[in-house]
Amino acid sequence: DTGVSQDPRHKITKRGQNVTFRCDPISEHNRLYWYRQTLGQGPEFLTYFQNEAQLEKSRLLSDRFSAERPKGSFSTLEIQRTEQGDSAMYLCASSRPNQPQHFGDGTRLSIL
Amino acid sequence: QQQVKQSPQSLIVQKGGIPIINCAYENTAFDYFPWYQQFPGKGPALLIAIRPDVSEKKEGRFTISFNKSAKQFSLHIMDSQPGDSATYFCAARRAGAGNMLTFGGGTRLMVKP
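Residues numbered from 1 in each chain as written. Chains lettered and ligands numbered in written order. Predicted model: local features only at pLDDT ≥ 70, side-chain atom pairs only at ≥ 80, totals over all residues. Heavy atoms only, no water.

Novice: Describe in detail the pattern of salt bridges, supporting the description with residues and values.
Specialist: The tally for this structure, following the rule as stated, stands at eight salt bridges over all chains. A:R64 is the partner of A:D86 in a salt bridge, and the nearest nitrogen-oxygen pair spans 2.8 Å. Here A:D86, found in the loop between β8 (75-79) and β9 (88-95), pairs with A:R64, found in the loop between β6 (53-57) and β7 (65-68); they are 22 residues apart in sequence, far enough to count as distant. The partner of B:K57 in a salt bridge is B:E59, with the nearest N and O atoms 3.6 Å apart. Exposure remark for B:K57: the relative accessible area of 32% places this residue in the partly exposed category. (Salt bridge = Lys/Arg side-chain N within 4 Å of Asp/Glu carboxyl O. Helix = DSSP H or I, 4+ residues; strand = E, 2+ residues; numbered from the N terminus. Buried < 20%, exposed > 50% of the residue type's maximum accessible area, 1.4 Å probe, protein only.)

Right under this line is the structure:
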């Protein structure tokens, strides 16, 4: 049973560096979502793709964040010039249209 | 602005007890209400979900009660076990919003043996 896969699981970087995370959704799921979860809080929506089209972006997604899903399969989330406040768990989820979202185990980002 | 409010923040029950977690929402455009369970170091896993045209849904030991007029819903865990110790999140989806979920703040449940 292949679920949503995220890589890396952990990333430690210095403030000001760029980081990129990858998400491989469940095959045949055409919707893909990114969420951010800080310690002790619920996940917060960042952005959403249907196939390769990015259809919605949260106000949380500042100009330093960019997400792509070039061929409608895997997706990448890049954070440029990382800041202390970017430390969080970045979660990816996928779904079929109007079906439940299935989450990966996330990438935990720590900014030194 | 928190659109889904969840309580309590933490809960301790004895094995066999029935923990109850409550959520309230404001946006009447929400049309789907799932509950997720999350263990440390893992992503949220869907437990059970309900739509507003149903007042109760049961799956195994998990039951959702839904009160549309009060804009509240709750999760009951029957015969709770130590393995149920986890963080539970309620969520809501706005119709036409591409399945985007708004989550509550979470409830950390501990079930004592």
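Novice: An account of the pairing of strand β7 (residues 62-67) of chain B is requested, with residue identities and associated values reported.
Specialist: Residue and element names in this part refer to chain B. Bridging between strand β6 (residues 56-59) and β7 involves four bridges; their strand directions are antiparallel. Looking across to β7, one finds that E56 is bridged to S65. The hairpin formed by β6 and β7 contains two residues between the paired strands, and G60 there has a positive phi angle of roughly 60°. Of the strand pairs in this sheet, β7 and strand β8 (residues 72-77) are connected by six bridges, and their pairing is antiparallel. Each residue of the ladder has a partner; that of F62, found in β8, is I77. The loop that links β7 with its antiparallel partner β8 comprises four residues; one of these, K71, has a positive phi angle of about 55°. (Pairing = 2+ DSSP bridges.)

Novice: Help me get a handle on the side chain of B:T102, residues and values and all.
Specialist: With respect to the helices and strands, B:T102 occurs in strand β10 (residues 101-103). Setting aside residues no more than four positions away along its own chain, B:T102 makes contact with B:Q3, B:V4, B:F30, B:C90, B:A91 and B:A92. (Contact = heavy atoms within 4.5 Å.)

Novice: How would you sum up the environment of A:T2? Please name residues and give values.
Specialist: Within the secondary structure, A:T2 sits in the segment before β1 (5-7). Counting along the chain gives 23 residues from A:T2 to A:P25, while the straight-line C-alpha distance between them is 9.0 Å.

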